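Single-letter residue listing:
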Amino acid sequence: MTSRVLRPLARRVQGRYFSADPLKDPSRFVTGLSAEQVEKDEEIGAFMKANFVVKASPEMDTEEVVEEVAEVSASNALNIRELYGYLRDTVDEEGSRRCQTLRDNQGDIPGLLYGGDPTQGIHSQDPASKIFVKTPWSLLQRELDLYHRSFESRVYDLTIYEDESDTDGTVHRVMPTSVQRHPVQHKLFCTNYLRYHAGRPIKLPIVYVNEEESPALKRGGFIAPINRFISCMVEEGATIPERLELECTGLQIKDVARLDRIMFPDGVSLSKRVKPDKFIIGSVFGRRGGDDEEDEADGEGEKKAE
């Protein structure tokens, strides 16, 4: 696999470090790092400059830097992470064998950016809305390690560059979709992206909270899930939650968990696809069979001991 130097994520600017100089006092930003270490080690110095210094170049006005900082801060407030990728050549990098070469030799995962976005004047019927892209494997694997099955429930600002010499790129707000893996090796095969806007439903994962307050769950019971995700709408400007919490307080055996136990954050509501009166999250069952067998074995052991 050919080596590639991963570029910093697009528009990554730390606004809180704008007026500070981490080269003079690096311990403020990296614990235990001294100015002498930065001066002696060129790699450390390059790392500090790339990640913590915001400089206004002669071509860039200070006001532009401040606007860029505000834009990144707004994305962070909405819980939107960043990814980048490159345009895929529709002639030399399309097809099963050529995509396999991309994965093996370049470490890129092929995919397709598609979908409409009314806020940007992009229509899904337009053939130009579909863009062939490739994303570095390391970036996708990092996100999968962080979010696992909820990776496709995240929203990203995906910057697409024409090639490695491109420094500007075009930013698309997307949701990963159709993540495919090898059936045997479980390696990433394909990751597509669907354009996201406030009017598009997003499936949010469900997590259980306050399980110790449920008489059934604290005695070894469990919830047999029927739906692990809920299709929701997030208002413009509202923070996109990573998950929805299911309140388990008071759950008894044979109870059915429904939407009335879900705590929706501000700006988040059910999509029209969900019918509240028919949507079931799961049913509560008693202790699992393995636990019952262990208890019976323990009981028989105690009787023999007597």
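Above this note sits the structure.
Residues numbered from 1 in each chain as written. Predicted model: local features only at pLDDT ≥ 70, side-chain atom pairs only at ≥ 80, totals over all residues. Heavy atoms only, no water.

### Focus on the overall build of the protein chain
Here comes step 1: Scanning the protein chain for helices and strands turns up 6 helices and 14 strands.
Here comes step 2: Here the protein chain holds 306 residues, and the buried ones make up 37% of them.
Here comes step 3: Of the contacts formed within the protein chain by residues at least 6 apart in sequence, a portion of 66% connects residues at least 24 apart.
Here comes step 4: A total accessible area of about 18700 Å² is found for the protein chain, and carbon and sulfur atoms account for 48% of it. (Helix = DSSP H or I, 4+ residues; strand = E, 2+ residues; numbered from the N terminus. Buried < 20%, exposed > 50% of the residue type's maximum accessible area, 1.4 Å probe, protein only. Contact = heavy atoms within 4.5 Å. Areas by Shrake-Rupley, 256 points an atom, 1.4 Å probe, with all protein chains shown as cover.)

### Focus on the sheet that holds strand β5 (residues 170–181)
Here comes step 1: Reading around the barrel, the 6 strands line up as β1-β3-β2-β6-β5-β4 and close back on themselves, with mixed pairing between neighbours. On average, adjacent strands in this sheet sit at an angle of 45° to one another, irrespective of strand direction.
Here comes step 2: Looking at chain direction, β5 and strand β6 (residues 188–195) are connected through 6 bridges and run antiparallel. Along β6, the bridge assignment pairs Pro-176 with Tyr-193.
Here comes step 3: Taken strand by strand, helix α4 (residues 96–106) contacts β2 (108–114), β3 (131–136) and β6, and its axis lies near 130° from that of β2.
Here comes step 4: Relative to the sheet, helix α5 (residues 137–147) contacts β1 (81–87), β2, β3, β4 (156–161), β5 and β6, its axis offset from that of β1 by approximately 150°. (Pairing = 2+ DSSP bridges. Axes fitted to C-alpha atoms, helices over the stretch in contact; angles between N-to-C directions.)

### Side note on α4
Here comes step 1: When we look at burial in α4, the residues that qualify are Cys-99, Leu-102 and Arg-103. For α4, the arc enclosing every buried residue in end-on projection is 90°, short of the 170-degree limit, so these residues lie on one face.
Here comes step 2: Packing partners of the buried residues in α4 comprise β2, β3 and β6.
Here comes step 3: The first or second residue beyond α4 is Gly-107, which carries a positive phi of 70°. (Arc of directions from axis to C-beta.)

### Points about the sheet that holds strand β13 (residues 268–270)
Here comes step 1: Pairing within the open sheet is mixed, and its 5 strands lie in the order β12-β10-β7-β9-β13. Each edge of the sheet is formed by a strand with only one pairing partner; in this case those strands are β12 (262–263) and β13.
Here comes step 2: Judged from the 2 bridges that link them, strand β10 (residues 244–247) and β12 form a sheet pairing that is antiparallel. Looking across to β12, one finds that Glu-245 is bridged to Met-263.

### Points about the state of the cysteines
Here comes step 1: All told, the structure shown has 0 disulfides when counted by the stated rule.
Here comes step 2: A disulfide-free cysteine, Cys-99 has its sulfur positioned 7.8 Å from the sulfur of Cys-190, the nearest such atom. (Disulfide = S-S within 2.5 Å.)

### A closer look at the environment of Lys-24
Here comes step 1: Here Lys-24 shows up in the segment before α1 (35–40).
Here comes step 2: Judged by its relative accessible area of 68%, Lys-24 falls in the exposed class.
Here comes step 3: A C-alpha to C-alpha distance of 5.8 Å links Lys-24 and Ala-35, two positions 11 residues apart in sequence.

### Remarks on the nonpolar core
A general feature of soluble globular proteins is that nonpolar side chains tend to end up buried together.
Here comes step 1: The biggest cluster of nonpolar side chains holds 29 residues, and the ones touching the most others in it are Ile-202, Ile-230 and Ile-262.
Here comes step 2: Within the residue set of this core, elements represented by two or more residues are β7 (202–209), β9 (229–234), β10 and β14 (280–285).
Here comes step 3: Once you skip the residues sitting within four places of it in the chain, Ile-202 turns out to touch Ser-153, Val-155, Met-175, Tyr-196, Ile-230, Ser-231, Cys-232, Val-234 and Ile-240.
Here comes step 4: The next biggest cluster of nonpolar side chains, apart from the first, holds 19 residues, and it includes Tyr-86, Ile-109, Phe-151 and Tyr-193. (Core = buried A, V, L, I, M, F, W, Y, C linked by side-chain atoms within 4.5 Å.)

### A closer look at the side chain of Ser-231
Here comes step 1: The residue Ser-231 is located in strand β9 in this model.
Here comes step 2: Here Ser-271 takes part through its side chain, which lies 2.8 Å from a polar atom of the side chain of Ser-231.
Here comes step 3: Beyond its immediate sequence surroundings of up to four residues, Ser-231 is in contact with Pro-201, Ile-202, Lys-203, Leu-270, Ser-271, Arg-273 and Val-274. (Polar contact = N/O pair within 3.5 Å; in protein donor to acceptor, adjacent residues only side chain to side chain.)

### Points about the pattern of salt bridges
Here comes step 1: The full count for this structure, using the stated rule, is 6 salt bridges.
Here comes step 2: Glu-143 is the salt-bridge partner of Arg-81, the closest N and O atoms lying 2.9 Å from each other. Linking Arg-81 in strand β1 with Glu-143 in helix α5, this pair joins segments that are 62 residues apart in sequence.
Here comes step 3: Overall, the relative accessible area of 26% leaves Arg-81 in the partly exposed class. (Salt bridge = Lys/Arg side-chain N within 4 Å of Asp/Glu carboxyl O.)

### Observations concerning the environment of Lys-218
Here comes step 1: Inspection of the secondary structure assignment puts Lys-218 in the loop between β7 and β8 (222–225).
Here comes step 2: Taking the C-alpha atoms as reference points, Lys-218 and Leu-251, separated by 33 residues in sequence, lie 10.0 Å from one another.

### Considerations on α5
Here comes step 1: Residues of α5 that are buried include every one of Leu-139, Leu-140, Gln-141, Glu-143, Leu-144 and Tyr-147, and no others.
Here comes step 2: Elements in contact with the buried residues of α5: β1, β2, β3, β4, β5 and β6.
Here comes step 3: A positive backbone phi angle near 50° is found at His-148, which sits one or two residues after α5.

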